[in-house]
Amino acid sequence: MFEIEVNNKIIEAVPGETILSAVTRAGIKVPTLCYMKDLAPSGACRICVVEVDGMKTLVPSCSYPVQEGMKIHTNSKRAIRARKTVIELLLANHPDDCLYCVRNGNCRLQGLAEEYGIRERRFPSSKKKDHMLDATSPSIIRDQAKCILCGKCVRVCEEIQNVAAIDFVKRGSKTVIAPAFEQSLNVSSCINCGQCVLACPTGALREKSSLREVDEALHDKDKYVVIQHAPAVSVTLAEEFGLRPGVDINGLMVAALRQLGFKKIFDTSFSADLTIMEEASELVHRVTTGGKLPMMTSCSPGWIKYVEQFYPDFIDNLSTCKSPQQMLGAIIKSYFAEKEGIDPEKIFSVSIMPCVAKKFEAARPEMGRNNIFDIDAVLTTREVARLIKMAGIDFDSLTPETADLPFGTRSTAGKLFGGTGGVMEAAIRTAHYMITGKELKSLMVEDVRGLKGVKEAKVKIGDLEVGVAVVSGVGNASKILEEIKNGRKDLHFIEVMTCPGGCIAGGGQPLSTDQESIKARLHALYNIDHSETLRTSHKNKDVQKLYDEFLKEPLGHKSHELLHTHYIKREVLS
Amino acid sequence: MKEEIRKILEKHPDSKRDSLIPLLQAVQEVYGYLPKDAVVEIGKHLNLPASKIYGVATFYNQFRFQPKGKNHVMVCRGTACHVKGSLAVLEAIEQDLKIKAGQTSRDTLFSIEVVACMGACGLAPVISVNGEFHANVDPQKISEILDIYREEKKSAMEAANA
Ligand code: SF4
Ligand code: SF4
Ligand code: SF4
């Protein structure tokens, strides 16, 4: 530690750290655009420049290391003028589209223009205007006109997700971000994770919205519109309404959905419990009959596409279980439709997901039967917030309500699916019961909790020692796959969630990649687990009833028809 | 084609990422452009994603991603030509042929390439078609010049059919 002076105040700095890191710790704000925590700085945008005494030029604080005795001015006249110019230059090549933009009110560029009081267009545009709007992907829309070339999407995609679907193409004023050969995203190696959407400071990347279809269905008298909400949604939705991260508004959300006119509100955590019954059975089956191991979870559609295109040799390692979204979708249009006497073709089944890849998953041709899709429309957490706002629903005037039967009951194990490690914890609880006939002594499996990208543990189940790994972020998953390719043999079961941190930080969530917020979301799930009594999937009475009345047994005939699926090797340009 | 490309790559064993440009050049040497399959194969060879290779290749003007047309039009965009209005010349050609620089027309008759300097600054603005130079080009006269090659093509085809 040594001292530096910032804006005439003495603060402490750690040798080797950057100016930005030192001043941020001291609570001094310096704006950034291209900077990404935990990744090497690219210094591309120059918005973070500061003035250092004795230096001729301004320095980018995101990449410039601190030196003992340095005197820094973060808000000197020169620094501010330089930042203003950077913003004005960015705006020169930008459409004045804020009113029609999905990021209106929530845009870094717009925010900076406001903070720095930009009131007129100083530079005429120099960029060609023939920009592409790529709406081919089922998950993501890319609008090059709004791209400020900060490169964050490129870096997340390559450095965090190890996909590298997109890159800078051409140079100078012609530069754009695009997939190889400037092909559209739907034929690229993009796995639809949406992490680039979270990273993007502008409206250049956004989800492909399904709000219109949902709205139309809600007003169609012939349609019976039901909705399910994923485990990770109730603990993040509040942020879209200005509440702090980690507040669970499950009951209020259900009440709002009912006001919106959905006939039934189901809880995807119910089908997470169902998934565990199937998946734990599958694991036990594989372990006891010498099936393909390690088994890998299959609830995360980005990860599935990743394996299909980059690691097709591991397709047989993927659990054949559909994701909870698809399981519930299939059960709604079979068991529920039958029970209620509704024609499945009349049911319009919506899901709220923390994820944009779920839109891709729902549209996979194998996710349905007889031309009836399991799921008709997927809304992200962000989209559902818009729907609620549009309808003028005020949370303050609502009282909490509960989800509808027969798919409204859930265990806290099912709820844990919303964060990294949750599927594993739920599966261990139930596998232990299935194998030993006894409950785990302590239900909490500490080793698989927390936000770390890779977590490993040896779990004792009776006489068996099971090697498990929990990975989030596909880049981390690829490392484990390489280890297994190279002969690693001690793993039996691997949970993979596509997004770093799991669904709570999914590509459809409120736009925050701040680790503290994500931690708060995760802890909201843990709190639910600690404060309720139904904590294992196999104890869910409604799941048991579903088996008694309809499915009969896990991995049975009906399950295979409705709850399991298969994967295909994909050729993509990669 | 994949086989052929692999043969080219075999001549460059143990290549690292820094040999990307020479590899792209070697492939373009053979095909006159960079076919998609080649980019994928080079990617496997160097362990680089296709998007990266495409990004690097488009950074340089020398690489093209479509085969050249039967008539290859090169437009000089060097300083002297620029001063004498080569941008207007390029735009006129693009408009006439309805393709952009780097592209090839659908009937494969024409392709356009932009080059930095052809070393004929005294003749600026200058273009060359199939290696034949045209000096002091006037954007208004572009169609006339291109017609020569359209005609040649037509008569050649007629001769072949006769
Ligand atoms: S990206 Fe931001 S600045 Fe650009 S139009 Fe949208 S809101 Fe406005
Ligand atoms: S959605 Fe994911 S895989 Fe696709 S471009 Fe964005 S970061 Fe890359
Ligand atoms: S799309 Fe967004 S994240 Fe990607 S470079 Fe453009 S502005 Fe940055």
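Criteria and cut-off values
Each chain has its residues counted from 1, following the order in which its sequence is written. Think of it this way: whatever chain is written first is A, whatever ligand is written first is 1, and the rest follow in order. Two thresholds apply to this predicted model, a pLDDT of at least 70 for residue-level local features and 80 or more for giving and counting side-chain atom pairs, whereas whole-chain, interface and lining totals are computed over all residues. Note: side-chain values were computed over all heavy atoms of the structure, leaving out hydrogens and water. Every residue pair with non-hydrogen atoms within 4.5 Å of one another is taken to be in contact. Buried area, as used here, totals the accessible surface that two parts lose on assembly, with accessibility defined by a 1.4 Å probe and the loss added over both. For this document, the term salt bridge refers to a Lys or Arg side-chain nitrogen within 4 Å of an Asp or Glu carboxyl oxygen. Two N or O atoms count as a polar contact when they lie within 3.5 Å, although within protein this holds only if one can serve as hydrogen donor and the other as acceptor, and sequence-adjacent residues are included solely when both atoms are side-chain atoms. We call a residue near a molecule or strand whenever a single non-hydrogen atom of that residue lies within 4 Å of it. For this scheme, ten residues count as nonpolar: Ala, Val, Leu, Ile, Met, Phe, Trp, Tyr, Cys and Pro. Four count as charged, namely Asp, Glu, Lys and Arg, and the remainder, Gly too, count as polar. Two aromatic rings from Phe, Tyr or Trp, using only the six-membered ring of Trp, form a pair when their centres are within 6.5 Å; if the ring planes differ by under 30 degrees the pair is stacked, by over 60 it is edge-to-face, and anything between is tilted. A run of H or I in DSSP counts as a helix once it spans at least four residues, and a run of E counts as a strand once it spans at least two, with each numbered from the N terminus. Accessible area is worked out with a 1.4 Å probe on protein chains only. A residue is then buried under 20% of its type maximum, exposed over 50%, and partly exposed in between. Each domain span listed reflects an automatic or database assignment of domains.

Draft legend 1. Seen up close, the interface of chain A and chain B. Across the boundary between the two partners, chain A contributes 17 residues, which contact 15 residues of chain B. Regarding the contact of chain A and chain B, the summed buried area is about 1,400 Å², with carbon and sulfur atoms giving 60% of it. At the boundary of chain A and chain B, one finds 2 salt bridges. With a closest N to O distance of 2.7 Å, Glu158(A) and Lys52(B) form a salt bridge. Summed over the shared surface of chain A and chain B, the result is 6 residue pairs in polar contact (both at pLDDT 80 or more).

Draft legend 2. View of the site of ligand 2. Lining the immediate environment of ligand 2, one finds Ile140(A), Cys157(A), Val163(A), Ile166(A), Cys190(A), Ile191(A), Asn192(A), Cys193(A), Gly194(A) and Cys196(A). Residue classes in the shell around ligand 2 are distributed as 8 nonpolar, 2 polar and no charged.

Draft legend 3. Quick peek at the packing of aromatic side chains. All names here are of chain A. Taken as a whole and assessed by the stated rule, the structure comprises 15 aromatic pairs over all chains. Here the aromatic rings of Tyr-224 and Phe-336 are separated by 6.2 Å at their centres, their planes lie at 45 degrees, and the arrangement is tilted. Here Tyr-224 is found in strand E11 (residues 224-229), whereas its partner Phe-336 is found in helix H10 (residues 324-340), with 112 residues between them in sequence. The exposure classification of Tyr-224 matches that of Phe-336, with both residues buried. Where Tyr-335 meets Phe-407, the ring centres are 6.1 Å apart and the plane angle is 50 degrees; that geometry is what we call tilted. With Tyr-335 in helix H10 and Phe-407 in the loop between helix H12 (381-390) and helix H13 (412-416), this residue pair connects regions lying 72 residues apart in the sequence.

Draft legend 4. The pattern of salt bridges, seen in detail. Residues and elements named next belong to chain A. Summed over all chains, the structure comprises 44 salt bridges over all chains. Close ionic contact of Arg-119 with Glu-114 constitutes a salt bridge, the shortest N to O distance being 3.4 Å. Both residues of the pair, Arg-119 and Glu-114, count as exposed. By sharing partners, the salt bridges in this structure join Glu-425, Arg-429, Arg-449, Asp-529 and Arg-535 into a single network.

Draft legend 5. View of the site of ligand 1. In the region of ligand 1, the neighbouring residues are His94(A), Asp97(A), Cys98(A), Cys101(A), Arg103(A), Asn104(A), Cys107(A), Gln110(A), Lys146(A), Thr202(A) and Gly203(A). Here the residues of the shell around ligand 1 are counted per class, giving 3 nonpolar, 5 polar and 3 charged.

Draft legend 6. View of the domain arrangement of chain B. Domain boundaries assigned for chain B yield domain 1 (2-59) and domain 2 (71-161). On a C-alpha basis, the centres of domain 1 of chain B and domain 2 of chain B stand 29 Å from each other.

Draft legend 7. The arrangement of unusual backbone geometry in detail. Across the junction of Leu293(A) and Pro294(A), the peptide omega takes the value -5 degrees, indicating a cis bond. Among the structural elements, Pro294(A) can be located in the loop between helix H8 (268-289) and strand E13 (295-296). Across the junction of Ala124(B) and Pro125(B), the peptide omega takes the value -10 degrees, indicating a cis bond. With a phi angle near 55 degrees, Asn162(A) is a residue other than glycine that sits in the positive phi range. Within the element layout of this structure, Asn162(A) appears in the loop between helix H4 (152-160) and strand E8 (166-169). Given a relative accessible area of 37%, Asn162(A) falls into the partly exposed group.

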